[in-house]
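Descriptive analysis of the structure
One-letter residues, chain by chain:
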Amino acid sequence: MKQKPNEKYLQFVSATTPTTKERRTLLHAFFIGGTICSVGQFLRYMLSYWAGLSGDTLAGTVSVILIFLGSLLTGLGVYDRIGKFSGGGSIVPITGFANSVVSPAMEFKSEGYVYGVAAKMFVIAGPIIVYGVLSSVVIGLIYYVAYLF
């Protein structure tokens, strides 16, 4: 019986695809993601205790610090190594978003600041920003119309 080309391809793919150590990868992702979140929580406690911040001011300050740390670690090449080690654990929303903005900007730096850094900075993060702004406008309009009636 002759094999179909699709079956040959599937056999080739299964023979050449490296196996993953799923449990170890999941543990790395869990611990690194948890560590990033724990750093954020530590910053929150310390800023609340030392600086007396609370509410939105505290949340905004912690967010800015985490974005800065994610961008700095990306610029130093550390965040990429963390990502290779932890996989999905490094995509904690705030630091992962900072990484997704800084990485393309660094990659295209050789093309200049306008056409390289500025244009490519939002290649990955751009759709997220557009969706966030668009959805916030829609929600704002819904609240505005609901307030009128």
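Refer to the structure above for everything that follows.
All values derive from a computational prediction rather than experimental measurement.

Conventions adopted
Residue indices begin from 1 for each chain and proceed along its sequence in written order. For this predicted model, a pLDDT threshold of at least 70 governs which residues receive local features, and a threshold of 80 or more governs which side-chain atom pairs are given and counted, while totals over whole chains, interfaces and linings are taken from all residues. Each side-chain value is derived from all of the structure's non-hydrogen atoms; neither hydrogens nor water enter the calculation. Elements are defined by DSSP. Helices are runs of H or I of four residues or more, strands are runs of E of two residues or more, and each kind is numbered from the N terminus. Restricting the calculation to C-alpha atoms gives the radius of gyration, and the globule rule supplies 2.2 Å times the number of residues raised to the power 0.38. Burial classes: relative accessible area under 20% of the type maximum marks a residue as buried, over 50% as exposed, and values in between as partly exposed (1.4 Å probe, protein chains only). Contact between two residues is taken to exist if any of their heavy atoms lie within 4.5 Å; hydrogens are not considered. Each accessible area is a Shrake-Rupley estimate made with a 1.4 Å probe; only the visible protein chains count as cover when residues are assessed. Positive: Lys, Arg. Negative: Asp, Glu. His and the chain ends are not part of the count. Charge placement uses NZ in Lys and CZ in Arg. For Asp and Glu, CG and CD serve respectively. Definition of nonpolar core: a set of buried residues of the types Ala, Val, Leu, Ile, Met, Phe, Trp, Tyr and Cys, connected through side-chain atoms within 4.5 Å. Points on a 1 Å grid over protein atoms alone make up a cavity when a 1.4 Å probe fits among them but cannot get out, and a pocket when they form an open set with protein on both sides within 12 Å along at least five of seven lines; lining residues each have an atom within 4 Å of a point. Grid points are joined across faces, edges and corners, and a volume is the space filled by probe spheres set on the points. Residues are grouped as follows: Ala, Val, Leu, Ile, Met, Phe, Trp, Tyr, Cys and Pro are nonpolar; Asp, Glu, Lys and Arg are charged; all remaining types, including Gly, are polar. Only the contacting stretch of a helix is used when fitting its axis, a line to C-alpha atoms as for every element, and angles between N-to-C directions run 0 to 180 degrees. Angle categories: roughly parallel below 35 degrees, roughly antiparallel above 145, roughly perpendicular from 65 to 115, and oblique for all the rest. Crossings are sorted by hand: turned counterclockwise from the far helix by less than a right angle, the near helix makes the crossing left-handed, and turned clockwise it makes it right-handed.

Side note on the overall build of the chain
Secondary structure assignment for the chain yields 7 helices and 0 strands. For the chain, the sequential pattern of α-helices and β-strands runs α-α-α-α-α-α-α. Taken against the 2.2 N^0.38 rule, which gives 15 Å for 149 residues, the C-alpha radius of gyration of the chain at 22 Å runs more than 25% over that of a compact globule. Dimensions of the chain along its principal axes, counting C-alpha atoms only, are 75 × 45 × 40 Å. Burial status across the chain gives 20% buried among its 149 residues. Considering only residue pairs separated by 6 or more positions, the chain has 50% of its internal contacts joining residues 24 or more positions apart. About 11400 Å² of surface is accessible on the chain, with carbon and sulfur atoms providing 70% of the total. A gap of 9 Å separates the mean positions of the 11 positive and 6 negative side-chain charges of the chain.

Side note on the nonpolar core
Formed by L43, L47, L58, V62 and L66, the largest nonpolar core amounts to 5 residues. Of the residues forming this core, the biggest block, 3 residues, is contributed by helix α3 (residues 55-75). Once you skip the residues sitting within four places of it in the chain, L58 turns out to touch R44, L47, S48 and L53.

Considerations on the layout of surface pockets
When its volume is computed, the largest pocket comes out at roughly 180 Å³. Lining the largest pocket, in full, are I32, T35, I36, V39, L66, L69, G70, L73, Y79, I82 and T95. Of all the elements in the fold, those that place two or more residues in the lining of the largest pocket are α2 (22-51), α3 and α4 (78-86). Here the residues of the lining of the largest pocket sort into 8 nonpolar, 3 polar and no charged.

Focus: the packing of α2 against α3
Direction vectors running N to C along α2 and α3 enclose 135 degrees, while the axes themselves pass 10 Å from each other. When the interaxial angle is binned, α2 and α3 end up oblique. Crossing handedness for the pair α2 and α3: right-handed. Facing α2, whose interface residues are V39, G40, L43, R44, L47 and S48, α3 presents L58, A59, T61, V62, I65 and L66. Taken together, the residues that form the contact of α2 with α3 break down as 8 nonpolar, 3 polar and 1 charged.

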